[in-house]
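# Topology and contacts: notes
Residue strings, one per chain:
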Amino acid sequence: MEKIVFEVEPSPASGAGGTTRAIQSAIDYAANLGGGTIKLGEGVYALDGSLHLRSGVRLEGIPGRTVLQQGEERLSALASDADLHERQVSVEHPGLFAVGQTVTIRKAASSMGFGDTVAVVVGKEGQVLHLDRELYATVLLDQGGIVTTQAPVVAAYDCEGIELYGLTVRGNENNVTLAEGCRSAGIYLYGVAGARIERCAVRAYKGDGISYQHCSHIVVEDCDSVGNGGKGIHPGSGTSRTRIVNSRFNDNAMDGIFLCWRVQDSAVEGCTAVGNGMNGLSIGHKDIRNVIRFNRLSDNRYYGIFFRNEKEPMSPSYNRVEGNTLEDNGSDDMGYVGIRIRGYTHDVELVSNRISFSKAPPERTIGICLEPHTSGITLGDNKFAGCALRTHDHWLPDGRHE
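Residues numbered from 1 in each chain as written. Predicted model: local features only at pLDDT ≥ 70, side-chain atom pairs only at ≥ 80, totals over all residues. Heavy atoms only, no water.

## Some words on empty space enclosed by the protein
The final tally for this structure, using the stated rule, is four cavities of 30 Å³ or more. Empty space within the largest cavity amounts to approximately 110 Å³. Contributing to the lining of the largest cavity are 14 residues, with Asp-48, Gly-49, Gln-70, Gly-71 and Thr-149 lying nearest its centre. (1 Å grid on protein atoms, 1.4 Å probe; cavity = no way out; pocket = protein on both sides within 12 Å on 5 of 7 lines; lining within 4 Å. Points joined across faces, edges and corners; volume = space filled by probe spheres on them.)

Okay, here's the thing in structure tokens:
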């Protein structure tokens, strides 16, 4: 039987809260019928909360013409300590948060990590907000604890078989809180098995553009994650068999492509990471058996590709880096390096890559830096231009090369 299709058009008269409820109601109804497609027409959909996908649901827009606009951030200090495993928080200004609102509970506006809790307000009593899930961590008053509406624009938790197509997520540039990518992003997935994100864009989100944690079989294809306040894309926390292909991760404040912890048996192919504030691509803790090929990684402030400093057996080993183009990566303070491999990384193949520099003096450039303790690094048919040192095996303690 053909899956049911719902169509939703932008309706300024309903306000941001009404638009969010209309789309979410269609998603929930389709999921209750066993899945289906929600089609969003051309226009700007002003949202006042997160859209939560469910199993078997496809949320479809018109590429470049369907815009999900994030609402303006509202935040309140806590009125009492929020304790681990509680399903409620007490806030100084409860009127800022409506029932159905997605909120983030965190230590402070500048905190980072898995200590953030993203939850939906399901009830209110005075200053108390009741939540749909337990708090992941204790948040204390003397830590500057807050509750904020800075949360994912589109999210999916513990579901399977979902699709996003043709959507542009636009962050709110007035928001002040940096959303940590471990728990939030413009598009955020957690515990999802089987998802496809195609021809979507995330722009100007105050945090990571696309992040998915503890997931498997995620495909990101022909997407743009550009100009965001965090990383372009951030798979991690035991994510396996993801494919990131033919996509663009440019001009983000942090890394363009960040493979976090335990990204395994995956591929990054045919992508660009250009002009990012940190690395073009970063790979690290137990990230093994991955293929990184045919990408362009250029003009990033740190390195084109960075293997992070990990001891064995946590090193990012058994990876293949093939056919990539790395141009003009580095800066005066970070040095000019195409590929930097740190820690006890071993059994990595670097083949048929093209590494060049045209904006720095050749005597200050290194094509490939293999630091002490690396081993079993296979080099083959790599081409270099503008490099004083094609390969180098020592790094000074202050992070600058000799």
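That covers the picture; the talk isn't over yet.
## So, unusual backbone geometry
With an omega dihedral of 10°, the bond running from Glu-312 to Pro-313 counts as a cis peptide bond. Mapped onto the elements of the fold, Pro-313 is located in the loop between strand E30 (303-307) and strand E31 (320-322). The phi torsion at Asn-246 lies on the positive side, around 50°, for a residue other than glycine. Along the chain, Asn-246 falls in the loop between strand E23 (243-245) and strand E24 (257-259). Residue classification places Asn-246 among the partly exposed residues on the basis of a relative accessible area of 41%. (Helix = DSSP H or I, 4+ residues; strand = E, 2+ residues; numbered from the N terminus. Buried < 20%, exposed > 50% of the residue type's maximum accessible area, 1.4 Å probe, protein only.)

## A word on the packing of aromatic side chains
All chains considered together, the criterion is met by three aromatic pairs. Here the aromatic cluster, defined as three or more aromatic residues joined through ring pairs, consists of Tyr-302, Tyr-303 and Phe-306. In this structure, Arg-183 packs its charged tip against the face of Tyr-136, placed 4.0 Å from the ring centre. (Phe/Tyr/Trp six-rings, centres within 6.5 Å; stacked < 30°, edge-to-face > 60°. Lys NZ or Arg CZ within 6 Å of the ring centre and 35° of its normal.)

## Considering the pattern of salt bridges
Per the counting criterion, the structure on display carries 25 salt bridges. For Asp-222, the salt bridge identified is with Arg-248, shortest N-O distance 2.8 Å. Residue Asp-222 is found in the loop between strand E20 (216-221) and strand E21 (224-226), and its partner Arg-248 is found in the loop between E23 and E24; the two are separated by 26 residues along the sequence. Looking at Asp-222, the relative accessible area reads 30%, which means it is partly exposed. The exposure class of Arg-248 is partly exposed, given its relative accessible area of 25%. Across the pair Asp-224 and Arg-248 runs a salt bridge, and its minimum N-O distance is 2.7 Å. Linking Asp-224 in strand E21 with Arg-248 in the loop between E23 and E24, this pair joins segments that are 24 residues apart in sequence. A network of salt bridges, in which partner residues are shared, links Arg-199, Asp-222, Asp-224 and Arg-248. (Salt bridge = Lys/Arg side-chain N within 4 Å of Asp/Glu carboxyl O.)

## A look at the sheet that holds strand E18 (residues 201-203)
Strands pair in a sheet through their backbones, by hydrogen bonds, and they do so in one of two ways: parallel or antiparallel. The strand order E3-E6-E15-E18-E21 describes an open sheet built from five strands, whose pairing is parallel. Two strands bound the open sheet, and with one partner strand each, they are strand E3 (43-46) and E21. In this sheet, adjacent strand axes meet at a mean angle of 20° when their direction is disregarded. For E3 and strand E6 (residues 66-69), the ladder comprises four bridges, and the chain directions are parallel. For Gly-43, the partnering residue across the bridge sits in E6 and is Thr-66. (Pairing = 2+ DSSP bridges. Axes fitted to C-alpha atoms, helices over the stretch in contact; angles between N-to-C directions.)

## Examining the side chain of Thr-148
If you trace the backbone, Thr-148 turns up in strand E12 (residues 146-148). Looking at Thr-148, the relative accessible area reads 0%, which means it is buried. Among the polar contacts listed, one links the side chain of Thr-148 to the backbone nitrogen of Gln-150, at a separation of 3.0 Å. (Polar contact = N/O pair within 3.5 Å; in protein donor to acceptor, adjacent residues only side chain to side chain.)

## Notes on the layout of surface pockets
Here the largest pocket is characterised by a volume of approximately 450 Å³. Lining the largest pocket are 22 residues, and of these Gln-24, Ser-50, His-52, Gly-100 and Val-120 sit closest to its centre. Listing elements by their share of the lining of the largest pocket, those giving two or more residues are helix H1 (15-32) and strand E4 (51-53). For the lining of the largest pocket, the element with the most residues is H1, which contributes six residues. Of the residues in the lining of the largest pocket, the class split is six nonpolar, nine polar and seven charged. (Nonpolar A, V, L, I, M, F, W, Y, C, P; charged D, E, K, R; others polar.)

## Considerations on the pairing of strand E34 (residues 346-351)
Sheet topology places E31 next to E34; three bridges connect them, and they run parallel. For Arg-320, the partnering residue across the bridge sits in E34 and is Glu-349. The pairing of E34 with strand E37 (residues 375-380) spans five bridges and is parallel. The residue bridging His-346 from the neighbouring strand is Ser-375, located in E37.

## A closer look at a nonpolar patch on the surface
Together, Ile-4, Tyr-29 and Leu-33 make up an exposed nonpolar region whose accessible area comes to about 280 Å². Within the secondary structure, Leu-33 is located in the loop between H1 and strand E2 (36-40). (Patch = residues over 30% accessible without salt bridge, like charges linked within 9 Å, V, L, I, M, F, W, Y side chains within 5 Å. Areas by Shrake-Rupley, 256 points an atom, 1.4 Å probe, with all protein chains shown as cover.)

## Structural notes on the confidence of the model for the protein
Summary statistics for the protein give a mean pLDDT of 93 and a share of 95% for residues scoring 70 or more. With pLDDT under 50 throughout, residues 396-402 is counted as low confidence; its partners more than four residues away or in other chains account for 18 contacts. (pLDDT = per-residue confidence, 0-100. Contact = heavy atoms within 4.5 Å.)

## Observations concerning the nonpolar core
Ile-38, Leu-68 and Leu-189 are the most contacted members of the largest nonpolar core, which has 68 residues in total. The residues contacting Leu-68, other than those within four sequence positions of it, are Leu-40, Tyr-45, Leu-47, Leu-51, Val-153, Val-154, Leu-167, Thr-168, Val-169 and Arg-170. Membership of the second largest hydrophobic core comes to 14 residues, among which are Leu-78, Ala-82, Ala-119 and Val-121. (Core = buried A, V, L, I, M, F, W, Y, C linked by side-chain atoms within 4.5 Å.)

## What to know about the pairing of E2
Of all five residues in E2, four are buried, a share of seventy percent or more. Bridge analysis of E2 against strand E5 (residues 57-60) gives four bridges, and the strand direction is parallel. Note that in E5 the partner of Ile-38 across the bridge is Leu-59.

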